[in-house]
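Residue strings, one per chain:
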Amino acid sequence: MKKFINNVDDFLKESLNGFGKAHSDIIKVHFDPNFVSRKSKTKEGKVSLISGGGSGHEPMHGGFVGHGMLDAACPGFVFSAPTPDQMQAAAEHVDSGAGVLFIVKNYSGDIMNFQMGAEMYSGKNDSIITNDDVAVEDSTFTTGRRGVAATVLVEKIVGSLAENGGSLEECKKLGEKVNKNSGTMGVAFTSCTVPAAGKPTFDIGNDEMEFGVGIHGEPGRKREKIQSSKTIVNNMLEAILDDLKPQKNEKTLLFVNGMGGTPLTELYLVYDDACEILKSKGIEITRSLVGNYCTSLEMQGASITLLKCDEEILKNWDAPVHTAAMRWGM
Amino acid sequence: MITEIKEYMSVNFLISQAKNIQIVIDENAAEIEALDQNIGDGDHIFNVQRGLKLVVELEKDIKDLPLQKSLNMIAMKVLSGIGGSSGALFGTFFMSMAKTPDLDKSVDFSKACEMIITGINAMKERGKADVGEKTMMDVLIPVSEKLNELKSGNKDMKKGLSEIIKIAEDRMLATKDMLATKGRASFLGERAKGHIDPGARSSQLIIDTICKSVINQ
């Protein structure tokens, strides 16, 4: 394992320390229990949005704390759900009285810990669960689909509504709509290495890729020989379109997300391929996002998320945002 | 027929079991980690090890406290210090054990069984998992059912505990051919088949260690 580490046990704490120092104009990092909050207090009457999950997906979620997005984020250990006391402390810190909406990715550990946090928090609260990954079938044999990159879009879009006075119910409803309108498919070329493990999570040949990989290096649909970008992107989009079934000329947001180890150069190439393919199918791309937003440590690979957009979604997407990882309009 | 009543669930008992379990889990860590990497994401063993370390480290703070208070402190430590599914589930286990009435009077074998049964039921509720879903509950629920038979104290306790060791092992091995419907492995469908569930393996090791230690008391 080659990583910037002093001591494995201090890995998360030292990283959070650096994050706090680097973005001290926007956020504040709290320890024991660990959470990231905005530097400024939540304004009166504004619904607070809190997300969280295992670390190792940076900038998600701490990088999305700030104006127009989250009020707080609870980072767990690398790839492990955060603990209920973190959610409770974060909620108590940020809630201005208008209530708290927890944004949770669909994994058993996250759901259980967020549920317990919500039970321990005495204020008004509700939750939404993201499950945009089309790689795994939503059948009776699964917990459901995994929550992956569309969580970023949910946090941005609901964050804008909350900033503009949306109620807890309205925020939840919009979040659920964005989640339902999204589909994501991921591909990995290499594994990631969890610091505590010290070795790659999975073995993969030099000429192989994992199609439908999860954001923790969990296996996906199948192991295949690597192909041209056009072929890979086409297969990814087919899986998404099969699931989302967009109308002809429907407006969409195309989000190409890096897994952490793939350069932007390649992500833009993927974006180009995806544009061509979607255009040939008569799907209109009206908004874009390209970059490393929902990562899996140093894994090489990318995911594509397509979000079907209506006016409400577009308006809230375009609204100003100022976080460590996403900033426009202000 | 039941002697040494307090020993079945005292603070000392909990601490010494945690130490025993820590040794066994450390010995089998590589195997559990490999199982998790096959079907999960590899965090389970670190969570279990972190939890055991935290509980063992609590010794100085809880050794002179009443049982109920100790259990609550263990629960909060586990809940806040582990994370992942294991933290929530084991935290729930200790938290509900602590809710048993009259804990600070005396805990005989029957009450100790009752506490564990209550704890496992609470885990089942929290994780919304039942037997046959390729999780640690595949081991824990049958163990809890057997404890329910034993708790009346009419049966040979040592023989009963030996049976529990066997049940835990059989049920752990049986997760190999299951499809997962809960946890990270559930996203794999058919690909999860052929691998023992890491949570079932760690739970089986815990049950095995505790039962053997009580039998040899």
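Below is a short write-up of the structure. Just so you know, these numbers come straight off a predicted model, no measurement behind them.

**Structural notes on the sheet that holds strand S1 (residues 27-30) of chain A**
All names here are of chain A.
Alright, step 1. Across the sheet, six strands lie side by side as S1-S2-S5-S3-S6-S7; this open sheet has mixed pairing. Each end of this open sheet is capped by a strand with a single partner; those strands are S1 and strand S7 (125-130). Averaged over all pairs of adjacent strands, the angle between their axes in this sheet comes to 20 degrees, without regard to strand direction.
Alright, step 2. In terms of strand pairing, strand S3 (residues 48-55) meets strand S5 (residues 72-78) through five bridges, oriented parallel. Following the sheet pairing, Ser51 is matched in S5 by Ala73.
Alright, step 3. Strands S1, S3 and S5 of the sheet are contacted by helix H1 (residues 11-22), whose axis makes an angle of about 155 degrees with S1.
Alright, step 4. This element, helix H5 (residues 168-180), spans strand S6 (100-105) and S7 of the sheet and lies at about 5 degrees to S7.

**Topic: the pairing of S5(A)**
Residues and elements named next belong to chain A.
Alright, step 1. With respect to burial, S5 is a largely interior element, seven of its seven residues being buried.
Alright, step 2. The sheet contact formed by strand S2 (residues 35-38) and S5 spans two bridges and is antiparallel. By the bridge assignment, Val36 is partnered in S5 with Ala73.

**Here's the deal with helix H6 (residues 229-244) of chain A**
All names here are of chain A.
Alright, step 1. Here H6 is 16 residues long and its end C-alpha atoms lie 22 Å apart, about the 22 Å a rise of 1.5 Å per residue gives.
Alright, step 2. Turning to H6, the residues buried within the fold contact strand S8 (182-188), helix H7 (264-280) and strand S13 (301-308).
Alright, step 3. Positioned one or two residues after H6, Lys245 has a phi angle of 45 degrees, which is positive.

**A closer look at the packing of helix H2 (residues 29-39) of chain B against helix H10 (residues 198-215) of chain B**
Residue and element names in this part refer to chain B.
Alright, step 1. The contact between H2 and H10 brings their axes to 8 Å, and the two run at 155 degrees. Classified by the angle between their axes, H2 and H10 sit roughly antiparallel to one another. Judged by residue contacts, Ile32, Leu35 and Asp36 of H2 engage Pro198, Arg201 and Ser202 from H10.

Parameters and conventions
Residues numbered from 1 in each chain as written. Chains lettered and ligands numbered in written order. Predicted model: local features only at pLDDT ≥ 70, side-chain atom pairs only at ≥ 80, totals over all residues. Pairing = 2+ DSSP bridges. Helix = DSSP H or I, 4+ residues; strand = E, 2+ residues; numbered from the N terminus. Axes fitted to C-alpha atoms, helices over the stretch in contact; angles between N-to-C directions. Contact = placed C-beta atoms within 7 Å. Buried ≥ 20, exposed ≤ 12 C-beta atoms within 10 Å, placed from the backbone. Expected span 1.5 Å × (residues − 1). Parallel < 35°, antiparallel > 145°, perpendicular 65-115°, else oblique.

That's the geometry; what it means functionally is another story.
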